[in-house]
Amino acid sequence: MEREALAGWLRLSLTPGVGNESARRLLAAFGLPEAVFAQSLTALEQVVSTTQARALRTEPEDFAEQLALTCAWLADPNAPADSRRDIVALGDPDYPQALLNIEDPPLLLYRLGQLDFKNNQPKSPEEYQKFAIELEATEAFHGIAIVGSRNPTPQGEANARQFARSLVGAGLTVVSGLALGVDGAAHEGALEGAAPGQLATVAVVGTGLDRVYPKKHLDLAHRIAQHGQLISEYPLGTPPLAPNFPRRNRIISGLTRGTLVVEAAVKSGSLITARMALEQGKDVFAIPGSIHSTQSRGCHALIKQGAKLVESAQDVLEELRWPGRSATGATPASAGTLASPKHDDTVLLERLGFDPVSLDALVARTGLDAASLQARLLTLELDGQVARLPGGLFQRMGAA
């Protein structure tokens with residue numbers, strides 16, 4: 001985007017009191033932003049309120065500074081050579097077509113990463129032909145959103161990672177929000193499962209792209225920029241403000257063919273994403289969990305409301321009618337490769353079940369003394385078959 005055009009779009013997006021809806025009305029009435037700002041106060045008042053019209057006649061207070069910052073970001077000579085930066089405006093040919101169908105498409109999208117990817121389409125021409133019209137008309141890439149708790153159980157985090165790995169291996173792109181917990185695990189799994197040259201994952205963030213939040217994901221963000229994209233509708237310098245995160249969820253669901261909720265409490269931002277996906281006419285999937293786990297109740301609520309219960313990535317692919325490659329390793333994940341346990345350990349794992357359990361309860365179930373039991377649990381923990389949870393609880397990892 002040329003500097004003059006960028007200046008017009010940026011000024012429109014920064015004008016106080018003029019949101020996306022008002023901006024779209026102005027663009028529909030007058031054309032490009034430069035034409036909007038050339039209108040008289042009277043003409044503007046025919047489209048927006050008097051307060052908004054007066055705001056449009058005055059350059060925003062921090063506009064010059066923001067324009068300079070944005071231009072410097074786009075042209076940064078120290079930016080990594082293996083990722084690109086750009087800004088696309090509503091109506092631009094590179095603007096994601098899928099977002100044009102959501103209720104409130106962003107006016108501007110800031111993008112960082114690999115921007116030259118084409119559709120992650122199935123390789124078989126015969127299979128692709130069946131779906132060509134649908135696929136070409138919807139998205140520049142074919143995404144699946146994976147969202148969930150910021151504080152997942154070890155099993156939930158492992159599930160997110162392996163479902164992402166398997167779905168990317170089948171040719172989809174994983175879209176999430178770069179948050180702690182399930183989001184981060186989904187991005188990691190996607191990076192692990194991607195083929196060379198594939199758009200592995202897209203992170204839709206709630207800050208400006210010159211910031212990484214949470215800081216813990218700085219390295220992850222850099223790797224996403226190398227093998228995927230980071231996207232934001234927020235101007236550079238935007239800090240992590242609480243209202244921005246639920247708002248960006250409409251973009252996560254809007255970019256994708258469906259949303260998979262891994263773990264979520266009943267009151268959860270993940271359920272906001274699921275609701276937005278339903279409003280957008282997208283599929284919603286949920287992984288069931290223990291009836292005793294608060295982190296499973298959101299998923300169970302979604303399933304009661306009609307979300308598709310899934311036990312494997314293949315379930316997701318079948319529901320999406322995704323042609324081509326099948327998912328591999330698509331059962332609920334373990335935290336690592338399960339070693340072949342001894343007979344005694346097999347019995348202990350059976351006594352553990354799949355719900356969190358205390359040491360005292362295990363003593364009662366197994367008849368072992370606490371010291372012996374702790375030693376064997378430690379061995380299983382090191383093997384990745386058991387996770388130690390807060391409050392002195394233990395949980396078996398892997399599929400039932």
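The text that follows walks through the structure, step by step, so that each part is easy to find. Owing to the predicted nature of the structure, the values given are computational and were not obtained by experimental measurement.

This part covers the packing of helix α11 (residues 244-254) against helix α12 (residues 269-279). Between α11 and α12, whose axes approach to 9 Å, the crossing angle comes to 45°. Judged by the angle between their axes, α11 and α12 are oblique. Considering only the axes of α11 and α12, their crossing is right-handed. Where α11 abuts α12, its residues P246, N249, R250, I252 and S253 lie against G269, I272, T273, M276 and A277.

Before going further, it helps to examine the nonpolar core. In terms of nonpolar packing, the biggest core is built from 65 residues, with L12, L178 and L230 touching the most fellow members. Per element, the largest residue contribution to this core is 6 residues, and it comes from helix α1 (residues 3-14). Ignoring anything within four residues of it in the chain, the contact list for L178 reads D183, H187, A203, V205, V212, Y213, P214, H217, L220, A221, I224 and L230. If you look at the next biggest cluster of nonpolar residues, it comprises 24 residues, including I146, A170, F285 and A313.

The first and last C-alpha atoms of helix α8 (residues 154-169) sit 23 Å apart over 16 residues, in line with the 22 Å expected at 1.5 Å per residue. Taken residue by residue, α8 has Q155, G156, A158, N159, A160, Q162, F163, A164, S166, L167 and V168 as its buried positions. For α8, the elements touching its buried residues are β3 (143-147), β4 (173-176), α9 (182-193), β7 (256-261), α14 (313-320) and β12 (393-396).

Procedures and definitions
- Residues numbered from 1 in each chain as written.
- Predicted model: local features only at pLDDT ≥ 70, side-chain atom pairs only at ≥ 80, totals over all residues.
- Heavy atoms only, no water.
- Axes fitted to C-alpha atoms, helices over the stretch in contact; angles between N-to-C directions.
- Helix = DSSP H or I, 4+ residues; strand = E, 2+ residues; numbered from the N terminus.
- Parallel < 35°, antiparallel > 145°, perpendicular 65-115°, else oblique.
- Left-handed = near helix turned anticlockwise from the far one by under 90°.
- Contact = heavy atoms within 4.5 Å.
- Core = buried A, V, L, I, M, F, W, Y, C linked by side-chain atoms within 4.5 Å.
- Buried < 20%, exposed > 50% of the residue type's maximum accessible area, 1.4 Å probe, protein only.
- Expected span 1.5 Å × (residues − 1).

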